[in-house]
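Overview (structure and organization)
The lines below spell out each chain.
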Amino acid sequence: MMIGKAILVVSCVVTVSAGPKPDGCEDVTVVGGGVGGAFASWRLRHRGLHVGLYELSDRLGGRFYTHIFPQAPDIPIELGAMRFMRETHKVLYRTIQEVGLRTVLFERKYPGIVDSFYLRGRRLSIEDLRTDNVPYNLRSCESYGLESIHRYLTQKTNFSGNMDSLEQERPFLISEDGELMSNQTLQEFYRKYLSPEAIEMIFPIGFALDLDMPAATGLYFMSANGTLPYYEIMTITDGMQQLPEQLVKQFLTTSRYHSLHMKHKLISITRNTRSGYNLKFNRTATGHLVTVCSRKVILAVPIPALLQINWDVIQTPRIQQNLNTITQLMAVKIYLVYDHPWWRDIISSVTDRQNQTPRSHGNIQSDLPLHWTYDFGVSAKTGKAVLLVAYTSNPMWRELQKHGDRRWAGHYSVSTEAIRHTHLYLSKLYNIPVTTIPFPIDGRISQWDENPYNGSFFIWKTGVDWGRVWRTVNKPSALDDVFIASGAYWNYQSDAWSENCLNAINEMLQKYF
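Residues numbered from 1 in each chain as written. Predicted model: local features only at pLDDT ≥ 70, side-chain atom pairs only at ≥ 80, totals over all residues. Heavy atoms only, no water.

1. Notes on the environment of Ser427
- Structurally, Ser427 is set in helix α14 (residues 416–430).
- For Ser427, a relative accessible area of 11% translates into the label buried.
- Taking the C-alpha atoms as reference, Ser427 lies 7.7 Å from Ile437; in sequence the two are ten residues apart.
- Excluding its chain neighbours within four sequence positions, the residues that come into contact with Ser427 are Ile432, Pro433, Val434 and Ile437. (Helix = DSSP H or I, 4+ residues; strand = E, 2+ residues; numbered from the N terminus. Buried < 20%, exposed > 50% of the residue type's maximum accessible area, 1.4 Å probe, protein only. Contact = heavy atoms within 4.5 Å.)

2. Side note on the state of the cysteines
- Applying the stated criterion across every chain, the model contains one disulfide.
- Residue pairing for Cys25: its cysteine sulfur links by disulfide to Cys293, the two sulfurs lying 1.5 Å apart. Across the disulfide from Cys25 to Cys293, rotation about the S-S bond amounts to roughly 40°, and the bridge is consequently right-handed. Taken together, the residues span a long stretch of sequence, with Cys25 in the segment before β1 (26–31) and Cys293 in strand β12 (residues 288–299) at a distance of 268 residues.
- Look at Cys25 and you get buried, because its relative accessible area is 0%. (Disulfide = S-S within 2.5 Å.)

3. Thoughts on the packing of aromatic side chains
- Counted according to the given criterion, the structure contains 20 aromatic pairs.
- Ring geometry for Trp448 versus Tyr453: centroids 4.9 Å apart, planes at 90°, classification edge-to-face.
- Members of the aromatic cluster, joined through ring pairs, are Phe106, Tyr335, Tyr374 and Phe376.
- The positively charged end of Arg59 is found above the aromatic ring belonging to Tyr65, 3.5 Å away from the centroid.
- Directly above the aromatic system of Tyr391 lies the positively charged group of Lys333, at a separation of 4.9 Å from the ring centroid. (Phe/Tyr/Trp six-rings, centres within 6.5 Å; stacked < 30°, edge-to-face > 60°. Lys NZ or Arg CZ within 6 Å of the ring centre and 35° of its normal.)

4. Describing unusual backbone geometry
- Positive phi, normally seen in glycine, also occurs at His371, with a value near 65°.
- For His371, a relative accessible area of 7% corresponds to the buried category.
- A positive phi is found at Asn431, a non-glycine position, where the angle reads about 55°.
- Along the chain, Asn431 turns up in the loop between α14 and β18 (442–446).

5. A word on the sheet that holds β18
- The strand order across the open sheet formed by seven strands is β7-β6-β15-β16-β17-β14-β18, and the pairing between neighbours is mixed. Both edges of this open sheet fall to β7 (122–124) and β18, since each of them pairs with a single strand only. In this sheet, adjacent strand axes meet at a mean angle of 20° when their direction is disregarded.
- Of the strand pairs in this sheet, strand β15 (residues 363–366) and strand β16 (residues 372–378) are connected by three bridges, and their pairing is antiparallel. Residue pairing for β16: Asn363 is matched across the bridge by Tyr374.
- Against the sheet, α14 touches β6 (117–119), β7, β14 (332–338), β15, β16 and β17 (385–392), its axis set at about 80° to β14. (Pairing = 2+ DSSP bridges. Axes fitted to C-alpha atoms, helices over the stretch in contact; angles between N-to-C directions.)

6. What about the confidence of the model for the protein?
- Looking at the protein as a whole, the pLDDT averages 85, with 87% of positions reaching at least 70.
- In this model residues 1–15 is a low-confidence stretch, pLDDT under 50, and it forms 35 contacts with partners more than four residues away in sequence or in other chains.
- When the criterion is pLDDT under 50, residues 224–229 qualifies, and its contacts beyond four places in sequence or with other chains add up to 18 contacts. (pLDDT = per-residue confidence, 0-100.)

7. Remarks on the nonpolar core
- Membership of the largest hydrophobic core comes to 89 residues, with the highest contact counts inside it found for Leu129, Leu299, Phe376 and Tyr489.
- Among residues more than four places away in sequence, those in contact with Leu299 are Val31, Leu266, Ile269, Leu306, Ile309, Val482, Phe483, Ile484 and Ala485.
- Core analysis: the next-biggest nonpolar cluster, separate from the first, contains 38 residues, Phe39, Ala40, Tyr93 and Phe251 among them. (Core = buried A, V, L, I, M, F, W, Y, C linked by side-chain atoms within 4.5 Å.)

8. Things to note about the pairing of β16
- Within β16, six of the seven residues are buried, which leaves it mostly tucked inside the rest of the structure.
- In this antiparallel pair of consecutive strands, β15 and β16, the connection spans five residues, and His371 shows a positive phi of 65°.
- When β16 meets β17, the two strands line up antiparallel, connected through five bridges. Directly across from Gly377, in β17, lies its bridge partner Val386.
- The hairpin formed by β16 and β17 contains six residues between the paired strands, and Gly383 there has a positive phi angle of roughly 80°.

9. Considering the pairing of β18
- The buried fraction of β18 amounts to five of the five residues, a majority that puts the element mostly inside the structure.
- Of the pairings in the sheet, the one linking β14 to β18 comprises five bridges and is antiparallel in character. Counterpart to Ile334 in the pairing with β18 is Ile445.

10. Some thoughts on the packing of helix α1 (residues 35–43) against helix α9 (residues 242–254)
- For the pair α1 and α9, interaxial distance at closest approach is 8 Å and the crossing angle is 30°. In terms of orientation, α1 and α9 fall into the roughly parallel class. For the element pair α1 and α9, the recorded crossing hand is left-handed. Across the interface between the two elements, Val35, Ala38, Phe39, Ser41 and Trp42 from α1 touch Leu243, Pro244, Leu247, Val248, Gln250 and Phe251 from α9.
- For the contact of α1 with α9, a count of residues per class yields nine nonpolar, two polar and no charged. (Parallel < 35°, antiparallel > 145°, perpendicular 65-115°, else oblique. Left-handed = near helix turned anticlockwise from the far one by under 90°. Nonpolar A, V, L, I, M, F, W, Y, C, P; charged D, E, K, R; others polar.)

11. Some thoughts on α9
- Under the 1.5 Å per step criterion, the end-to-end length of α9 is 18 Å for 13 residues, consistent within 8% with the ideal 18 Å.
- Those residues of α9 that fall on the buried side of the exposure criterion are Leu243, Pro244, Glu245, Leu247, Val248, Gln250, Phe251 and Leu252. (Expected span 1.5 Å × (residues − 1).)

12. Quick notes on the pattern of salt bridges
- One pass over the structure, following the stated rule, counts 16 salt bridges.
- Measuring nitrogen to oxygen at the nearest pair gives 4.0 Å for the salt bridge that ties Glu98 to Arg94. In this pair, Glu98 and Arg94 are both assigned in helix α2 (residues 90–98), four residues apart and thus about one turn of the helix distant.
- Among the ionic pairs, Arg344 bridges to Asp375, the shortest N-O distance being 2.6 Å. (Salt bridge = Lys/Arg side-chain N within 4 Å of Asp/Glu carboxyl O.)

In structure tokens, the structure reads:
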């Protein structure tokens, strides 16, 4: 019996529910409607199973969260996942193609245009960073440019230099002093071979959001900056959230036995003697409890939410110890909408003098609390302009959000005090009086500092045997068909982006399903 229909758009999902099979049990229950849970459900769609997908919130996507400003309806902004690389996110890209979504170029990394960087009060281009024309007191061996520094650091390890084999080499990488790269932080590794001035220069303009990540993971960022100066970064044309939504849409339309249940919070898992497990959910919209019978369970939820589930296996010291091998990192994004792209006139005046052409999605990396600033585009429909003012891990923005007023409705509205500070930093970035920057007409901030996430990214702690942790966490009980599907614990590196999550699910399905 079909109880409802699914309408999947960016901001609205209505629950679908199908009648159970004769014994009343689901074959597989997937908990979590982010990209991991959506992908797992989609992969199981053709196997003749009764699969139920349960999501805590009122939307699909998890950290794939696209927002549309009414003033710029043709410019989707990303409060979470924003981009990917075809070369390294192969499963993600293949999945995007298989579900029929279109992609577009987000940016070309390090294209060599003017005003790509702002460090210690100076505008710098990538050409400046390839020379000693930088405002830092570098050692002689560090003054041949950013790329030479990264090559120098890589040579202080036994890495072959082949990025295609980095994942296989990673567990065995050592630094020149014989210490495993996985047993030291990126900052500890830097301090062995670089001056404090060089570290201050390279950190703001790298990908790494945290110097406490293992050096073995940080090697990827060094290599990407040092030996791959040109590569394309892509995004989904209508927003990254389109992927989990489309995955679930195709999952639901494959079989009448597949179902989607929104606003369901998993409370507990208990074994039943009849056919598997009883899963108790809280229907958050009503507060009512409901019990679901299932033969197999896939937990595709953020780690803080996972730790809140009342399941005896999770509470054992062995599993707790393995789950505690990651560190959650915070990240903040601040988007502001303006009546016109006032910053483009400033960039154009500078680039015209240098016979350069400014690019769309202009990217300025800085040592200001903004860290990364992106031109997100101008609406072809309204002429309004969107600026990703800040993409950073700086905690000051959380404090600023507690002060001032909220000019726009919604949980993600930016406070006036945060706006005031962004304008102070933008005036430095573009070398203009702060009074000439117009007040925005809308804005959003994402911080990912609340349940069920409590973090934007996860990184491994040092000294972790990644393979052992993955084998332990993926199927935490040899006696149970309950699985944890998280890229945070996959074999190789941390869940910086979604590729590891999809790889982890593929490996889990191949082995146990």
